[in-house]
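# Survey of secondary and tertiary structure
For reference, the chains in residue letters:
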Amino acid sequence: MNAPHVEEFLTLQEIVAAARRNLQPGPWSYLVGGAETETTVRRNRLALDSIAFRPRVLRDVSRIDSTATLFGKKLRLPVLLAPIGGLESIVEGGAAAAARAAAQFGVPQMLSSVCKPGLEETAAAADTTRYFQLYVRGDDAWVDDHVRRARDHGFTAFCLTVDVAMYSRRERDLIGRFIKPWRATAGDGVAFQSGLSWKQVKRFKDKYPDFPLIIKGIATVEDAQLAVEHGVEVVYVSNHGGRQLDHGLGSMAVLPEILKAVNGKAQVWVDGGFMRGTDVIKAIALGAKAVGIGRLCGLGLAAAGVPGLVRTLVLLEDEMRIALGLLGATSYAELTPQHLAFAPPVTEPGVFSAFPHLPEA
Ligand SMILES: Cc1cc2nc3c(=O)[nH]c(=O)nc-3n(C[C@H](O)[C@H](O)[C@H](O)COP(=O)(O)O)c2cc1C
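The following refers to the structure shown. All values derive from a computational prediction rather than experimental measurement.

## Observations regarding the site of the ligand
Taken together, 22 residues surround the ligand, and among them Pro83, Ser112, Thr161, Asp271 and Gly273 come closest. One of the side-chain N or O atoms of Lys216 is found 3.0 Å from an oxygen atom in the ligand. A distance of 3.4 Å separates an oxygen atom of the ligand from a polar atom in the side chain of Ser238. Taking 600 Å² as the accessible area of the ligand by itself, protein coverage stands at 98%. Classifying every residue of the shell around the ligand by side-chain character gives eight nonpolar, ten polar and four charged.

Next comes the structure, spelled out in structure tokens:
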């Protein structure tokens, strides 16, 4: 790894460039790629880039509060490290490295059940706010075992990712013959994953009424309504970063109608294409409570390990504070959809279109 002094990274673009230098082609393609034509990946960025700002001025923004509160816990930003399986192929220490960065900076980590080291070791690695994300690859007793272990190890919310009924065709991985080690052992539970239905959500809520449940991978108003009817605490709007169903809508394109349908009966979180402070501010202005970062998290870790991800979050925070101030808001409570307008994007959307100065971009 080749960047000991992370303060030398003055922009997120430099972090992305360092990640590209550090990663071998296989892990690089795995981290940045999507499903099939990667249309959903592009639409995530298209939807973000189609939103412009309407700034308000002369509003005394000399003191800005960019902290947030989720489940009663104060956080440095309304940003979470989205679950990433196989982080161990991106950075030494895998999920434990992400946990340390989350703790050092002050945002929650959502741990993927297909990431190493496992639940217990990751929890022991750092004292951070943590949520556990499960791919259901076993029966009810298997799920219950994970719930128990998660609770015993200080995970304060449980997440079911529901956009993986089938595993998609990630063509960059296929073309590069990148056979991920964790995929080799994942086959056993695939039938459970395809068989998942709202029945399991109901069972979870009945059995664990006081353990907040996050349903990740909601992409329509209809499913958001069902999630609310099942009493879930968080509707997590996501298309898996465009890595599952190709030709979906961008997350930010569906967020407004989902927020309207949910109507405050659950929190709404979102991810998909978030690379910049301004991106996060757009989602919060619409009404999302939190934003997940997937690729950006992996890129920060690949750039320079734990300090690299902490630096990524510091730069993201700086961008967010500047955006808040320039919009005339001193906190998220002052942001509203009135700060936003639709405008045609000026860049060709793509996984790195937020970084126009990348070498070779
Ligand atoms: C390398 C990689 C691995 C991922 N693994 C998981 C996973 O194990 N579980 C899950 O729910 N989502 C997983 N995701 C999806 C992310 O949690 C998140 O939804 C997505 O990355 C958001 O889009 P972004 O990468 O553009 O920020 C993964 C994403 C990436 C990039």
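## Some words on the side chain of Gln109
In this fold, Gln109 is placed in strand S5 (residues 109-112). By relative accessible area, which is 3% here, Gln109 ends up buried. Of the polar contacts made by the side chain of Gln109, one reaches the backbone oxygen of Ala95; its length is 3.1 Å. With residues near it in sequence (within four places) discarded, Gln109 still touches Leu81, Ala95, Ala98, Ala99, Ala102, Thr122, Thr128, Thr129, Arg130 and Tyr131.

## A word on helix H1 (residues 12-22)
If you check which residues of H1 are buried, you get Leu12, Gln13, Ile15, Val16, Ala17, Ala18 and Ala19. Those residues of H1 that are buried lie in contact with helix H2 (25-32) and helix H14 (295-327).

## Considering the pattern of salt bridges
Proximity of charged atoms lets side chains of opposite charge pair with each other. All told, the structure shown has 15 salt bridges when counted by the stated rule. Put simply, Arg45 and Asp49 hold a salt bridge, and the shortest N to O gap is 2.8 Å. One end of the pair, Arg45, and the other, Asp49, are both in helix H3 (residues 39-49), four residues apart, so they sit about a helical turn from each other. Assigned by exposure class, Arg45 and Asp49 land together as buried. Among the ionic pairs, Arg148 bridges to Asp145, the shortest N-O distance being 2.6 Å. In this pair, Arg148 and Asp145 are both assigned in helix H6 (residues 140-152), three residues apart and thus about one turn of the helix distant. By relative accessible area, Asp145 is classed as partly exposed at 28%. One continuous salt-bridge network, built from bridges that share partners, spans Glu120, Asp145, Arg148, Arg149 and Asp152.

Conventions we followed
Residues numbered from 1 in each chain as written. Predicted model: local features only at pLDDT ≥ 70, side-chain atom pairs only at ≥ 80, totals over all residues. Heavy atoms only, no water. Near = heavy atom within 4 Å. Polar contact = N/O pair within 3.5 Å; in protein donor to acceptor, adjacent residues only side chain to side chain. Areas by Shrake-Rupley, 256 points an atom, 1.4 Å probe, with all protein chains shown as cover. Nonpolar A, V, L, I, M, F, W, Y, C, P; charged D, E, K, R; others polar. Helix = DSSP H or I, 4+ residues; strand = E, 2+ residues; numbered from the N terminus. Buried < 20%, exposed > 50% of the residue type's maximum accessible area, 1.4 Å probe, protein only. Contact = heavy atoms within 4.5 Å. Salt bridge = Lys/Arg side-chain N within 4 Å of Asp/Glu carboxyl O.

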